[in-house]
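Take a look at the letters that make up each chain.
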Amino acid sequence: MKTLIVAIATVALLITACDAGKGDDASAPFASRYQPLPGRATLLTGATILTGAGTRLDNADILLSDGKIVAIAEDLSGENATVVDASGRWITPGIIDVHSHLGVYPSPATASHSDGNELTAPVTAEVWAEHSVWPQDPGFVTALAGGVTAMQILPGSANLIGGRGVTLKNVPGRDVQSMKFPGAPHGMKMACGENPKRFYGGKGLAPATRMGNVAGYRSAWIAAADYRTKMEAAEKGKGEAPMRDLKLETLVGVLDGEILVHNHCYRADEMSIMLDIAKEFGYKITAFHHAVEAYKVADLLAENDTCAAMWADWWGFKMEAYDGIRENAALVDRAGACAIIHSDSEVGIQRLNQETAKVIGAAARVGIDIAPERAIQWITSNPAKALGVDAVTGSLEPGKMADVVVWSGNPFSVYTRADQVYIDGALAYDRHDVSVNPVTDFTLGTSAAEGGAQ
Amino acid sequence: MSRLSTLFGLLAIIVATSAVAETTAIVGGTVHTMGPQGTIENATIVIDDGRIISVGEGTAPPAKVTTIDANGKIVTPGLFSPIGNLGLVEVGLSAGPLDAVQRDNAFTASFDVADAYNRRSTLIAINRVEGITRAVITPRPRGPYELGNMSHVISGLAAMVNLGDSEHSLERRAVALVVNLGERGSGLAGGSRVGALLTLRNALNEAIDYRDHKDDFERGARRTYSHGVADLEALQGVLSSATPLYVDVHRASDIEVLMQLVDEYGIRAVISGGAEAWMLAEQLAAADIAVVLAPMDILPGNFDRINARRESAAILAAAGVTISFADGQSHTHNARNITQSAGNAVANGLSWDDALRAITLAPAEIFGVASSVGSIEPGKEADIVIWPDDPLELTTYPEQVLIKGESISMTSRQTLLRDRYLKTESGKPPAYRR
């Protein structure tokens, strides 16, 4: 019971902290209108629990109530709670994907659905991915069946600066506002390397080279710094405020630390250049995405407190992905940097646990032992940190959102499936009860609908 | 054999680096033969001159052989990748080489990728150290974002290779003729699947006419054909059933049309993709049409795949359809991920044995090479993988791979990169580390 009291105190603290977040401003344009699904107090008992905070508890219980985690301990009692026997099963925080294009590149992948890249200029910081998200993408539901409770939807990587990303709760809604993660900051997508130069260079436009890319980023930041100076001056009564500029507003949001930079960047040398650009203009790179060569600069990432979001094994599909190795995430983790396994794929997002398992096995071959309680952080608390939502989700700690997955076994076994997924304490998915599961409008009438979320 | 005494002290697995012609015994493992002997505990496999001589429980190995200790290990046939561009591509996008795709319309059926196979490609070692010992290498059509205006409903001939180092890595040509129907075929044929079907029918009809009137044709006394002689010759294997069509098709209605066409021409077919094939499982079993599917691709990526589902592999296998697996996302660079497809099929109802069969013996059967590879049986070529644990688990990597009896080097460009950056000592840049 002592645990419970401490837990409740922590709840209050965290709720206050969360409410103080800027993103909760209901008057902001396109503000979150997310409402948790109706839930009830639930006590999951007798499970192996990976907390996402680095610890493992065997034969432990977890109590969810009012959308929050109330307590984790052995032999909890939950009066009025639905008790679920989870013995023999494993419980983890909800899986979080820091890099998804669900909704903006949905299934079916028709040209009419292709809404992820604003391919009209190399800097389009003015666009917001949330304005492209199609909530009826069946991929949200299959991701849910893979234990995904939250994700960031990003613009594509054709542009140097592709626009704002949005963090969603994985509860399919009528509109994107009802999926937006309350209080989550916006992300901003930047892209290094081949994609921008290939797309624009191929049209005879800038950038056509990597040096052209860098000139493009720096020019954008110079314009943003100038805009910010003029805005600030006008606020102090010095001069007239410039006309509101959506593009520069986003960039200033980054300079002010309110919008987090998610930078698609494969090569080690380019990550090093990008870190210097960030220093030049006074912003922080929250995470490098794809980061196929992160293992070559893991120490630099640790020094700069920049996460690397990586695939387990994608490589070779283009030149900047040629040096991919399976141990990438393990070497980043070993250096003390923040390692994340991401998907960038409507298929991969369904199995981030399996992708993590590949790295665990590869690392073990070279004597790097990664315990399950550590590896789970790569797909829970570390992405939560990169999305700026780690105060409220990403680990199983009293007071945090009850975003919880009950797995049929060790989540790093290929045979394991997510049995139940709770989001804010409500049962959002149940593998054994299709009546619980969402079916998108698009899926109605197909075999996928008959099987619920399959 | 004089080297035996120096090898004797090694604890685990002994890597024979030289000749193939030695006698080798793999001793003590749990062997999943995929053959009539089933699974054998504490087995001894004797290999000579690249072939399996015997497999049996607890048999003492012959005297004076190189012994590989597999005690406590899992032993399986080498994995067989049934599709992809191994040895035909290094870096596909904006780099090269990329020899799996034609950039013009010069050829159709005669576009034989065997001639481009490069056993020294980095992809070969990267995939074989993870257990892939055989692959069917396939041409593919232009992708939707690739330049060119070629049709390629008929993409060309596939070949079967071993992933070893020897000059004899090309095992068999013309194991299949790659054809694209459904949505992809439609895109290649001007926007309708009718066009794709007509393209295929026209090719088959011309090949028949050419076959039946070859003398007239050579005398110039027969009409001209839209296909060149090389293509018409390549199509003869299809007509004789020596070469199956390898058809990229997903939608159930397209598969029904394919079954009619196969019946009409008396030819053979293998389905690649087959997202909706499970809806026709009984019919496919009756028609002896195998399916190479991607069990993790369960989303409706286009309208051909609306009824894709997780349980496809289990449903098809239960009906008696021969199945094999390919990673729908990357079946070339990551052909090695075939075990993930198999494991996920097991998680969705397929038996473990059927899943392992789908990545070993089944593709050998599908492409007509099961008399020489695909299982651990006396007389077959010794493609064998020794695993520390369940090979379908993603945490498991091979400890040793044998191709045609030879223990291969377990290094690849990726292990070299890894080993270089495992070291963290400073002083000199990584380029000076070996």
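Residue indices follow the written sequence of each chain, beginning from 1 at its first position. Here every chain gets a letter starting at A, and every ligand a number starting at 1, in the order they are written. Selection of residues for local features in this predicted model requires a pLDDT of at least 70, selection of side-chain atom pairs for listing and counting requires 80 or more, and totals for whole chains, interfaces and linings are taken over all residues.

J.: Help me out: how do you make sense of the overall build of chain A in this one?
T.: Starting at the N terminus, helices and strands are each numbered in turn, a helix being any DSSP run of H or I of at least four residues and a strand any DSSP run of E of at least two. When you go through chain A residue by residue, the secondary structure sums to twelve helices and 16 strands. We compute the radius of gyration over the C-alpha atoms and compare it with the globule rule, which gives 2.2 Å times the number of residues raised to the power 0.38. Its C-alpha atoms give chain A a radius of gyration of 22 Å, near enough to 22 Å, the size a compact globule of 454 residues would have. Using C-beta atoms placed from the backbone, we call a residue buried if 20 or more other C-beta atoms fall within 10 Å of its own, exposed if 12 or fewer do, and partly exposed for counts in between. Put simply, chain A has 454 residues, and 59% of those count as buried. Working definition of a contact: two residues with C-beta atoms, positioned from the backbone, lying within 7 Å. Taking as baseline every contact in chain A between residues at least 6 positions apart, the subset at least 24 positions apart corresponds to 70%.

J.: Can you walk me through the overall build of chain B in this structure?
T.: Regarding its fold elements, chain B presents 13 helices and 18 strands. Compactness check: chain B gives a C-alpha radius of gyration of 23 Å against a globular reference of 22 Å for 434 residues, within 12% of the reference. Counting only contacts in chain B whose residues sit at least 6 apart along the sequence, the fraction spanning at least 24 positions is 69%.

J.: Got a minute to help me understand the interface of chain A and chain B in this structure?
T.: A common way to express how large an interface is: the accessible area buried when the components associate. At the interface, 44 residues of chain A touch 38 residues of chain B. At the level of secondary structure, the elements contributing two or more residues to the side of chain A that touches chain B comprise helix H2 (139-145), helix H3 (194-201), helix H9 (352-365) and helix H12 (447-450) of chain A. If one sorts the elements of the side of chain A that touches chain B by residue count, H9 of chain A sits on top with seven residues. Among the residues making up the side of chain A that touches chain B, the classes are represented as 20 nonpolar, twelve polar and twelve charged. Throughout, the ten residues Ala, Val, Leu, Ile, Met, Phe, Trp, Tyr, Cys and Pro are labelled nonpolar, Asp, Glu, Lys and Arg are labelled charged, and all others, Gly among them, are labelled polar.

J.: For this particular structure, what's the right way to read the environment of valine 136 of chain B?
T.: All names here are of chain B. Mapped onto the elements of the fold, valine 136 is located in strand E9 (residues 132-137). Note on valine 136: 29 C-beta atoms within 10 Å, which makes it buried. Remark: the alpha-carbon pair of valine 136 and glycine 84, spanning 52 residues in sequence, is separated by 7.0 Å.

J.: I keep staring at the sheet that holds strand E14 (residues 290-293) of chain B and nothing clicks. Help me out?
T.: The strands making up a sheet associate through hydrogen bonds between their backbones, and the pairing can be parallel or antiparallel. Residue and element names in this part refer to chain B. In spatial order, the strands read E6-E9-E10-E11-E12-E13-E14-E15; together these eight strands make up an open sheet with mixed pairing. Across the chains shown, the open sheet's two edge strands, defined by having one partner strand only, are strand E6 (79-81) and strand E15 (323-325). Mean inter-strand twist for the sheet, computed between neighbouring axes without regard to direction, equals 25°. A pair of strands is labelled paired if DSSP reports no fewer than 2 bridges between them. In this sheet, E15 lies alongside E14 in parallel orientation, the contact comprising three bridges. Bridge assignment links valine 292 to a residue of E15, and that residue is serine 324. Each of E6 and E15 touches helix H10 (residues 338-347); the most contacted strand, E15, lies at about 130° to it. Axes, fitted as lines to C-alpha atoms, cover a helix only where it is in contact. Angles between the N-to-C directions of the axes lie from 0 to 180 degrees.

J.: Looking at this model, I keep getting lost on unusual backbone geometry. Mind explaining?
T.: Trans is the common state for peptide bonds, and a negative phi is the common state for residues other than glycine. Residue and element names in this part refer to chain A. Note the cis peptide between serine 107 and proline 108, where omega equals -5°. Note on placement: proline 108 falls in the loop between strand E6 (95-100) and H2. Look at the link from alanine 206 to proline 207: it is a cis peptide, with omega at 0°. Phi is positive for phenylalanine 30, which is not a glycine, with a value near 60°.

J.: What am I meant to see in the packing of helix H4 (residues 193-212) of chain B against helix H6 (residues 229-239) of chain B here?
T.: Angle between the axes and distance between the axes are the two parameters that describe a pair of packed helices. All names here are of chain B. Running from amino to carboxyl end, H4 crosses H6 at an angle of 95°, the nearest separation of the two axes being 9 Å. In terms of orientation, H4 lies roughly perpendicular with respect to H6. Contacts between H4 and H6 involve Ala203, Leu204, Glu206, Ala207, Ile208, Tyr210 and Arg211 from the first element and Leu232, Leu235, Gln236 and Leu239 from the second. Roughly parallel means an angle under 35 degrees; roughly antiparallel, over 145; roughly perpendicular, 65 to 115; everything else is oblique.

J.: Any chance you could explain the pairing of strand E7 (residues 148-153) of chain A here in plain terms?
T.: Note on strand geometry: in a regular strand, side chains alternate between the two faces of the sheet. All names here are of chain A. Within E7, six of the six residues are buried, which leaves it mostly tucked inside the rest of the structure. In terms of strand pairing, E6 meets E7 through four bridges, oriented parallel. The partner of aspartate 97 across the bridge, within E7, is methionine 151. The pairing of E7 with strand E8 (residues 161-169) spans four bridges and is classified as antiparallel. By the bridge assignment for E8, alanine 150 is matched with lysine 169.

J.: Hey, could you run me through the pairing of strand E2 (residues 56-65) of chain A in this one?
T.: All names here are of chain A. The sheet contact formed by strand E1 (residues 42-50) and E2 spans six bridges and is antiparallel. Note that in E2 the partner of leucine 44 across the bridge is isoleucine 62. The hairpin formed by E1 and E2 contains five residues between the paired strands, and glycine 52 there has a positive phi angle of roughly 85°. With five bridges joining them, E2 and strand E3 (residues 68-73) adopt antiparallel strand pairing.

J.: In this structure, what is going on with the nonpolar core? I would like to understand it.
T.: As used throughout, a nonpolar core is a set of buried Ala, Val, Leu, Ile, Met, Phe, Trp, Tyr and Cys residues joined through C-beta atoms within 7 Å of each other. Among the nonpolar cores identified, the biggest contains 270 residues, and Ile62, Ala308 and Ile340 of chain A together with Ile45 of chain B are the most heavily contacted of them. Leaving out residues up to four positions away in the same chain, isoleucine 45 of chain B has contacts with Ala25, Ile26, Val31, Ile52, Val55, Ile376 and Ile384 of chain B.

J.: Would you take a moment to explain the packing of helix H4 (residues 210-235) of chain A against helix H6 (residues 268-281) of chain A for this structure?
T.: Residues and elements named next belong to chain A. Interhelical geometry of H4 versus H6 gives an angle of 15° and a closest axis separation of 11 Å. In terms of axis orientation, H4 runs roughly parallel to H6. Where H4 crosses over H6, the two elements pack in a sense that is right-handed. The segment H4 lies against H6, with Val214, Tyr217, Arg218, Trp221 and Ala225 engaging Ile273, Ile277 and Phe281. Helix crossings are classified by the rotation of the near helix relative to the far one: an anticlockwise turn of less than a right angle makes the crossing left-handed, while a clockwise turn makes it right-handed.

J.: Even after reading the chapter, I still don't get H6 of chain B, so can you show me in this structure?
T.: Because an α-helix packs 3.6 residues into every turn, residues spaced three or four apart end up facing the same way. Residues and elements named next belong to chain B. Among the residues of H6, those classed as buried are Asp231, Leu232, Ala234, Leu235, Gly237 and Val238. In this structure, the buried side of H6 is in contact with strand E10 (154-162), strand E11 (170-180), H4 and strand E12 (245-249). Note on H6: the residue one or two positions beyond its end, serine 241, has a positive phi of about 70°.

J.: I keep staring at the environment of leucine 402 of chain B and nothing clicks. Help me out?
T.: Residue and element names in this part refer to chain B. Relative to the elements of secondary structure, leucine 402 occurs in strand E17 (residues 400-403). Taking the number of C-beta atoms within 10 Å as the measure of exposure, leucine 402 has 25 and is therefore buried. As a C-alpha pair, leucine 402 and aspartate 209 span 193 residues in sequence and 46 Å in three-dimensional space. If we skip the residues at most four places from it in the chain, leucine 402 touches Ala382, Asp383, Ile384, Ser407 and Ile408.

J.: What am I meant to see in the sheet that holds strand E11 (residues 285-290) of chain A here?
T.: All names here are of chain A. An order of E6-E7-E8-E9-E10-E11-E12-E13 is seen for the eight strands of this open sheet, with the pairing classed as mixed. Edge positions in the open sheet fall to E6 and strand E13 (339-341), since each of these has one partner strand only. Within this sheet the neighbouring strands show an average axis-to-axis angle of 25°, counted without direction. Relative to E13, strand E12 (residues 307-310) runs parallel, the two sharing three bridges. Following the sheet pairing, alanine 309 is matched in E13 by isoleucine 340.

J.: Could you clarify how one ought to interpret helix H5 (residues 246-255) of chain A in this entry?
T.: Residues and elements named next belong to chain A. Within the span of H5, buried status applies to Leu248, Thr250, Leu251, Val252, Gly253 and Val254. Looking at the buried positions of H5, the neighbouring elements they touch are E8, strand E9 (187-191), H4 and strand E10 (260-265). Trailing H5 by a residue or two, glycine 257 shows a phi angle of about 80°, which is positive.

J.: Help me understand the environment of leucine 170 of chain B, please; the structure alone is not making it clear to me.
T.: Residues and elements named next belong to chain B. Its place among the elements puts leucine 170 in strand E11. For leucine 170, a count of 16 C-beta atoms within 10 Å puts it in the partly exposed group. Residues leucine 170 and threonine 199, spaced 29 residues apart in sequence, show a C-alpha to C-alpha distance of 30 Å. Apart from residues lying up to four places away in sequence, leucine 170 is in contact with Ala114, Tyr117, Ala159 and Val161.

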